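# Geometric and topological summary
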Amino acid sequence: MSKSQSTINDQRSTYLTTGAAGFLGSNLSLRLLEGGHEVVGVDNLQTGRRQNLEELKKFPKFKFVDHDIIEPLKVEGSFEYILNLACPASPPRYYQDPVKTLETNSAGTKNMLELALKHRARFFQTSTSEVYGNPKEHPQRESYFGNVEPYCKRSCYDEGKRYAEALIWQYRHLFKLDTGIIRIFNTYGPRMDPEDGRVVTNFIRQALNAENITVQGSGEQTRSFCYVDDQIDGMMKMIHSEEEGPINIGNPGEFSILELANLIIKLTGSKSKIIHTEAALSDPERRRPDISLAKERLGWEPKVGLEEGLKKTIEWMKMIKN
Ligand code: NAD
Ligand code: UDP
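We now turn to the structure provided with this report. Note that the structure is predicted; figures quoted are calculated from it, not measured.

Thresholds applied
- Residues numbered from 1 in each chain as written.
- Chains lettered and ligands numbered in written order.
- Predicted model: local features only at pLDDT ≥ 70, side-chain atom pairs only at ≥ 80, totals over all residues.
- Heavy atoms only, no water.
- Near = heavy atom within 4 Å.
- Polar contact = N/O pair within 3.5 Å; in protein donor to acceptor, adjacent residues only side chain to side chain.
- Areas by Shrake-Rupley, 256 points an atom, 1.4 Å probe, with all protein chains shown as cover.
- Helix = DSSP H or I, 4+ residues; strand = E, 2+ residues; numbered from the N terminus.
- Nonpolar A, V, L, I, M, F, W, Y, C, P; charged D, E, K, R; others polar.
- Phe/Tyr/Trp six-rings, centres within 6.5 Å; stacked < 30°, edge-to-face > 60°.
- Buried < 20%, exposed > 50% of the residue type's maximum accessible area, 1.4 Å probe, protein only.
- Pairing = 2+ DSSP bridges.
- Axes fitted to C-alpha atoms, helices over the stretch in contact; angles between N-to-C directions.
- Contact = heavy atoms within 4.5 Å.
- Salt bridge = Lys/Arg side-chain N within 4 Å of Asp/Glu carboxyl O.

### With respect to the site of ligand 1
The environment of ligand 1 is formed by 29 residues, the closest being Leu24, Asp43, Thr47, Tyr157 and Lys161. Contacts to ligand 1 include Leu85, whose backbone N or O atom sits 3.0 Å from an oxygen atom. Computed on the free molecule, ligand 1 has an accessible area of 820 Å², of which 97% lies beneath the protein chains in the complex. For the shell around ligand 1, the secondary structure elements donating two or more residues are α1 (23–34), β7 (122–128) and α5 (155–175). Here the shell around ligand 1 is built from residues that sort into twelve nonpolar, 13 polar and four charged.

Put into structure tokens, the structure is as follows:
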């Protein structure tokens, strides 16, 4: 059977999670399975970790479907929720196949919206702070339209995600589909792929191996880092609400990349030195979510500070290294 004809035969399934082998998809699926729910995880393993899948497969209520969402997916049974997380989130990874990144966000999102329509399921989308581009408003509120360069290397992700939001708006208004969008700000923690090039895992890996810490550009650019447990709490609230969004989910604590590097050196007790490498292409200079809407509509705010979250992530990375 071709992947495009993949069929699942399970009447009990309630949640379908795309990107289930990835960092956030696996953490979210685990949370749902631990709550006794049934989860069908869909992934093409483009950037997902097999170890994440192994953890999920320990639950009898988990089923895995190896499928690329740019192809239509036939699923038997009934789903109450379609959770769309499939898409590489690390810049080096979405550059590996940029046309595919665009297709995952366009054709892939459309296929999952069609599935939600068929099942009359609530459709949940993981959008991104990248829709704000290199923001001129700071911190970023959901009402800010962004400052995105449409014609450049990075736009395969940014514009892909913006297209997905536009498509979801149409499905909601034309077909009365129940939809909810969150915009995720940099999230980190256990079950990330330590080799996928994102800053937190790169720096921890380098620090644990006593290698140079590669700060790209001046290191004065900022990010707001959210620990994964907080992010999953926010997702769970959004999924199980009637909110349309988009709603920012992130930690408003803002740190420069140099501050992050120094903190990781301190927490690991590493002898690593900081070196400066070429700045990333179209790199946003600063990013910080305004989370007033998440507080007001979802009663959500993050609880884990950067130092505490980094300590947990460092312990996890030491554990998987051994
Ligand atoms: P990830 O790369 O760890 O996981 C993405 C998963 O999607 C992988 O398992 C990958 O194999 C799968 N996938 C990719 N393309 C696919 C396709 N066409 N068909 C089927 N599966 C496919 O990334 P993540 O950090 O877990 O991000 C999950 C979602 O959250 C993404 O949509 C991302 O854009 C969004 N997001 C994440 C962050 C973050 O900081 N982690 C920030 C903003 C937005
Ligand atoms: N970054 C860095 N060194 C690395 C990886 C990333 O200095 O080894 C920087 C990157 O240039 C960016 C920030 O860290 O300014 C966050 O990068 P990441 O790829 O984690 O996420 P995103 O750019 O999507 O926010």
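### Brief notes about the packing of aromatic side chains
Two numbers describe a pair of aromatic rings. These are the distance of the centres and the angle of the planes. Evaluation of the coordinates by the stated rule reveals eight aromatic pairs. Here Tyr94 and Tyr157 contribute two aromatic rings whose centre-to-centre distance is 4.2 Å and whose plane-to-plane angle is 5 degrees, an arrangement assigned as stacked. Here Tyr94, found in helix α3 (residues 91–96), pairs with Tyr157, found in helix α5; they are 63 residues apart in sequence, far enough to count as distant. Look at Tyr94 and you get buried, because its relative accessible area is 1%. Classification of Tyr157 as buried rests on a relative accessible area of 7%.

### Considerations on the sheet that holds β7
Overall, parallel pairing links the seven strands, which are arranged β4-β3-β2-β6-β7-β8-β13 in an open sheet. Looking at strand neighbours, the two that pair on one side only are β4 (62–66) and β13 (247–249), the edges of this open sheet. Sheet twist, expressed as the mean angle between neighbouring strand axes with direction ignored, is 20 degrees. Taken together, the four bridges between strand β2 (residues 15–18) and strand β3 (residues 39–43) define a ladder with parallel strand orientation. Within β3, the residue paired with Thr17 across the bridge is Gly41. On top of the sheet, helix α7 (residues 228–239) reaches β2, β6 (81–84), β7, β8 (179–184) and β13; it is set at about 160 degrees to β8, its chief contact.

### Notes on the pairing of β2
Burial along β2 is two-sided: Tyr15 and Thr17 facing one way and Leu16 and Thr18 facing the other are all buried. The pairing of β2 with β6 spans four bridges and is parallel. Residue pairing for β6: Thr18 is matched across the bridge by Asn84.

### Points about the site of ligand 2
Taken together, 18 residues lie around ligand 2, and Thr214, Gln216, Arg223, Asp283 and Arg287 are the ones closest in. Within the side chain of Arg154, a nitrogen or oxygen atom sits 3.0 Å from an oxygen atom of ligand 2. Thr214 is positioned such that a nitrogen or oxygen atom in its backbone is 2.6 Å from a nitrogen atom of ligand 2. Coverage of ligand 2 by the protein chains reaches 94% of its 520 Å² of free accessible surface. Across the shell around ligand 2, the residue classes tally to six nonpolar, six polar and six charged.

### Side note on the pattern of salt bridges
All chains considered together, the criterion is met by 19 salt bridges. Here Glu159 makes a salt bridge to Arg162, at a shortest N to O gap of 3.5 Å. Of the two residues, Glu159 and Arg162 are both situated in helix α5; the distance of three residues between them amounts to about one turn of the helix. Looking at Glu159, the relative accessible area reads 22%, which means it is partly exposed. Assessed through its relative accessible area of 30%, Arg162 is described here as partly exposed. With a closest N to O distance of 3.9 Å, Lys312 and Glu308 form a salt bridge. In this pair, Lys312 and Glu308 both sit in helix α10 (residues 306–321), four residues apart, roughly one turn of the helix. Judged by relative accessible area, which is 41%, Glu308 ranks as partly exposed. Beyond isolated ion pairs, a larger network of salt bridges with shared partners links Glu130, Arg154 and Arg287.

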